[in-house]
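# Summary of structural features
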2 protein chains.
Amino acid sequence: MPKSRSEIPVATVSRLALYLRELQQLQRGATVHVRSQSLAERLGLKDSQVRRDLSCLGPVGQRGVGYPVPDLIVAIERVLGTDRAWNVILVGAGNLGRALSGYKGFDQQGFRLVAVFDSDPQKIGSKVEEFPVQDLDSLESFIANTQIDLAILAVPASAARSVASRLEAAGIAGILNFAPIAVHSSGSTTVQDVDLAIELQRLAFSVVRNQRPQ
Amino acid sequence: MPKSRSEIPVATVSRLALYLRELQQLQRGATVHVRSQSLAERLGLKDSQVRRDLSCLGPVGQRGVGYPVPDLIVAIERVLGTDRAWNVILVGAGNLGRALSGYKGFDQQGFRLVAVFDSDPQKIGSKVEEFPVQDLDSLESFIANTQIDLAILAVPASAARSVASRLEAAGIAGILNFAPIAVHSSGSTTVQDVDLAIELQRLAFSVVRNQRPQ
DNA sequence: TAGATTGTTAATCGATTAACAATC
DNA sequence: TAGATTGTTAATCGATTAACAATC
């Protein structure tokens with residue numbers, strides 16, 4: 001039987017997004033069915049883990065056959081919440097922010113950039129993709145007048161907390177935080193951190209662990 | 001007693017990098033000691049978890065006082081392997097690659113960009129930061145002549161596997177992969193994936209789970 | 001039906017937490 | 001010493017895995 005969202009383990013949620021990525025690739029290749037073993041091999045997992053994860057969606061597989069790719073895509077998107085469009089604003093039009101604004105992967109997954117903000121007078125008015133950079137001062141009024149779901153926070157660490165508070169106060173439901181600082185969320189706003197330097201540190205650790213397996 | 005790198009739980013390694021970031025901030029503020037409770041609050045963790053994690057480093061704390069900030073920084077950097085400089089190349093000089101090349105956080109943590117590669121003739125020869133973009137064809141010869149530790153892979157998904165194989169064959173120890181595709185590593189090369197669209201999907205899931213807590 | 005693969009169980013493994021003795 | 005905080009234990013919690021009955 002399908003699990004409700006709150007019953008799905010967090011570790012499973014992370015992998016559901018990975019499965020979705022593979023499935024979308026399979027669908028582009030017109031693959032109709034996929035076995036748990038095949039998905040597992042592609043992602044470096046155990047087949048039993050894939051089956052357990054997918055069983056959270058309900059009985060979507062076909063015994064003796066595998067999982068129907070299109071059905072599985074729909075089921076995962078429904079659980080993740082990406083079966084609808086999400087309106088996203090970008091705060092911070094620096095190098096990283098500009099790169100993120102043009103990132104194709106966001107659009108492909110239904111995340112729609114609708115506005116860009118920065119506090120730098122030199123940047124305000126210039127264009128990022130097709131969006132004129134708006135003054136950070138107008139953040140609240142813009143959010144009040146537009147249905148915005150998420151914000152991508154790509155400002156310096158020194159500004160991150162203050163901007164995050166304002167986003168929360170304005171009622172943004174989720175923040176994807178690229179600033180290298182812990183941002184505390186109040187009750188209703190969810191914060192997801194992506195720290196690029198930390199990812200590189202994790203990689204470095206894996207390397208030194210492999211190099212001298214003590 | 002200190003644990004060897006292979007004995008440290010993976011979950012702990014991820015947090016050690018977070019502790020390091022906080023500690024560096026504390027050190028800039030000239031804080032001498034920090035208690036587990038204080039670190040825990042800053043990062044939204046339990047104090048007992050902080051103490052358990054830090055105990056992997058050996059007895060670096062002072063009972064009744066807390067952890068000496070400078071000593072703790074040194075101990076974490078030594079375990080993570082970031083107590084030395086790492087030479088890094090960037091493959092892929094698109095929007096994301098260019099943003100990553102200028103990312104301050106890498107430099108601050110001892111990761112030194114030394115070269116940039118791309119296969120696009122339009123980009124080859126142009127400058128990214130102070131680095132002229134080199135032809136991807138010269139990847140192997142460059143790596144053979146320079147001590148390179150890590151590669152940041154910021155090419156399209158369609159090119160990622162082929163470039164990753166070449167990096168592995170050339171003896172690169174670790175790859176930070178930003179391409180939205182599973183890259184399989186052979187024995188000696190470690191791959192760390194960062195998929196930005198997947199991070200946004202995880203955020204979306206947290207939001208829908210919070211909005212309708214079933 | 002026979003063959004194959006899912007869905008699910010039970011066992012194992014690893015991570016988190018509270019509590020407190022050790023000790024600065 | 002008294003107060004405070006670490007380091008560590010034991011219990012709990014959650015995630016992974018192998019195995020196999022269910023069933024397409």
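Residues numbered from 1 in each chain as written. Chains lettered and ligands numbered in written order. Predicted model: local features only at pLDDT ≥ 70, side-chain atom pairs only at ≥ 80, totals over all residues. Heavy atoms only, no water.

### Remarks on the interface of chain A and chain B
Stated formally: In this analysis, two residues are considered to be in contact whenever any of their non-hydrogen atoms come within 4.5 Å of each other. Here the buried area means the combined drop in accessible surface, using a 1.4 Å probe, for two parts upon being joined, counting both sides. Here, a salt bridge means any Lys or Arg side-chain nitrogen found within 4 Å of an Asp or Glu carboxyl oxygen. Each polar contact in these results corresponds to two N or O atoms within 3.5 Å; when the atoms are within protein, one needs to be able to donate a hydrogen and the other to accept it, and residues that are neighboring in sequence are counted only if both atoms are side-chain atoms. Runs of E in the DSSP output that reach at least two residues are strands. Runs of H or I that reach at least four are helices, and both are numbered from the N terminus.
In this complex, chain A contributes 64 residues to the contact, which on the side of chain B involves 64 residues. Both faces combined, the contact of chain A with chain B buries some 6,000 Å², and carbon together with sulfur accounts for 65% of it. Taken as a group, Arg5, Leu200 and Gln201 of chain A account for 12% of the area that chain A buries against chain B, more than any other trio of residues on that side. Residues Asp195 of chain B and Arg21 of chain A are paired through a salt bridge, measuring 2.8 Å at the closest nitrogen-oxygen approach. Across the contact surface, chain A and chain B share 14 residue pairs in polar contact (both at pLDDT 80 or more). With 16 residues, helix α9 (residues 196-211) of chain A is the single largest residue contributor to the side of chain A that touches chain B.

### Re the sheet that holds strand β7 (residues 150-153) of chain A
Adjacent strands of a sheet form backbone hydrogen bonds with each other and so pair up, either parallel or antiparallel. Residue and element names in this part refer to chain A. Inclusion rule: Whether two strands pair depends on DSSP finding at least two bridges between them.
The strand order across the open sheet formed by 7 strands is β5-β6-β4-β3-β7-β8-β9, and the pairing between neighbours is mixed. Sheet topology places β5 (127-128) and β9 (190-193) at the edges, where each strand pairs with a single neighbour. Direction of pairing for strand β4 (residues 111-118) relative to strand β6 (residues 131-135): parallel, over a ladder of 3 bridges. Within β6, the residue paired with Val116 across the bridge is Val133.

### Section: the pattern of salt bridges
Residue and element names in this part refer to chain A. How we decide: Burial classification: accessible surface area is computed with a 1.4 Å probe over protein chains only, and a residue below 20% of its type maximum counts as buried, one above 50% as exposed, and the rest as partly exposed.
In total, this model carries 14 salt bridges over all chains according to the counting rule given. As a salt-bridge pair, Arg15 and Asp53 come within 2.6 Å of each other at their nearest N and O atoms. A residue pair is termed long-range when its members are at least 10 positions apart, and Arg15 in helix α1 (residues 10-28) and Asp53 in helix α3 (residues 47-55) qualify at 38 residues. An identical accessibility class is assigned to Arg15 and Asp53; each is buried.

### Topic: the protein's contact with DNA strand D
Put simply, the rule is: Being near a molecule or strand, for a residue, comes down to having at least one heavy atom within 4 Å of it. Here the nonpolar group is Ala, Val, Leu, Ile, Met, Phe, Trp, Tyr, Cys and Pro; Asp, Glu, Lys and Arg are the charged ones; every other residue, Gly included, is treated as polar.
Taken together, 24 residues sit near DNA strand D, with Arg15 and Arg63 of chain A together with Arg35, Ser36 and Arg52 of chain B positioned nearest. In DNA strand D, atoms within 4 Å of the protein come 62% from sugar and phosphate. Between a base oxygen of DNA strand D and a side-chain N or O atom of Arg52 of chain A, the distance comes to 3.1 Å. In this structure, a phosphate oxygen belonging to DNA strand D sits 3.0 Å away from a side-chain N or O atom of Tyr67 of chain B. Mapped by element, the contributors of at least two residues to the surface near DNA strand D are α1 and α3 of chain A together with α3 (47-55) of chain B. Per-element tally for the surface near DNA strand D: the top contributor is α3 of chain A, with 4 residues. The residue makeup of the surface near DNA strand D, split by class, is 7 nonpolar, 8 polar and 9 charged.

### Points about the domain arrangement of chain A
Short version of the rule: The split of the chain into domains comes from an automatic or database domain assignment.
Under the domain assignment, chain A is made up of domain 1 (5-80) and domain 2 (86-198). Averaged C-alpha coordinates put domain 1 of chain A and domain 2 of chain A at centres separated by 31 Å.

### Points about the packing of helix α1 (residues 10-28) of chain B against helix α4 (residues 69-80) of chain B
Residues and elements named next belong to chain B. The line we're drawing: A fitted line through C-alpha atoms serves as each axis, taken over the contacting stretch for helices, and the angle formed by two N-to-C directions is quoted from 0 to 180°. A clockwise turn of the near helix away from the far one marks a right-handed crossing, whereas an anticlockwise turn of less than a right angle marks a left-handed crossing.
Across the interface, α1 lies against α4 with an axial gap of 9 Å and an inter-helix angle of 145°. Where α1 crosses over α4, the handedness of that crossing is left-handed. Between α1, through Val13, Leu16, Ala17, Tyr19, Leu20, Leu23, Gln24, Leu26 and Gln27, and α4, the contact on the second element is made entirely by Val69, Pro70, Leu72, Ile73, Ile76, Glu77, Val79 and Leu80. Across the contact of α1 with α4, the residue classes tally to 14 nonpolar, 2 polar and 1 charged.

### A short note on the pairing of strand β8 (residues 174-177) of chain B
Along any regular strand, the residues point their side chains to alternate faces of the sheet. All names here are of chain B. What counts is decided by this rule: Crossover handedness is defined here as right-handed if the route from the first strand over the helix to the second strand goes clockwise, with the strands pointing away from the viewer.
Of the two faces of β8, the one carrying Gly174 and Leu176 and the one carrying Ile175 and Asn177 are both buried. Alignment of strand β7 (residues 150-153) against β8, held across 4 bridges, turns out to be parallel. Looking at the pairing, Ala151 lines up with Ile175 of β8. Following the backbone out of β7, through helix α8 (residues 157-169) and into the adjacent parallel β8, one traces a crossover that is right-handed. By the bridge criterion, 4 bridges tie β8 to strand β9 (residues 190-193) in an arrangement that is parallel.

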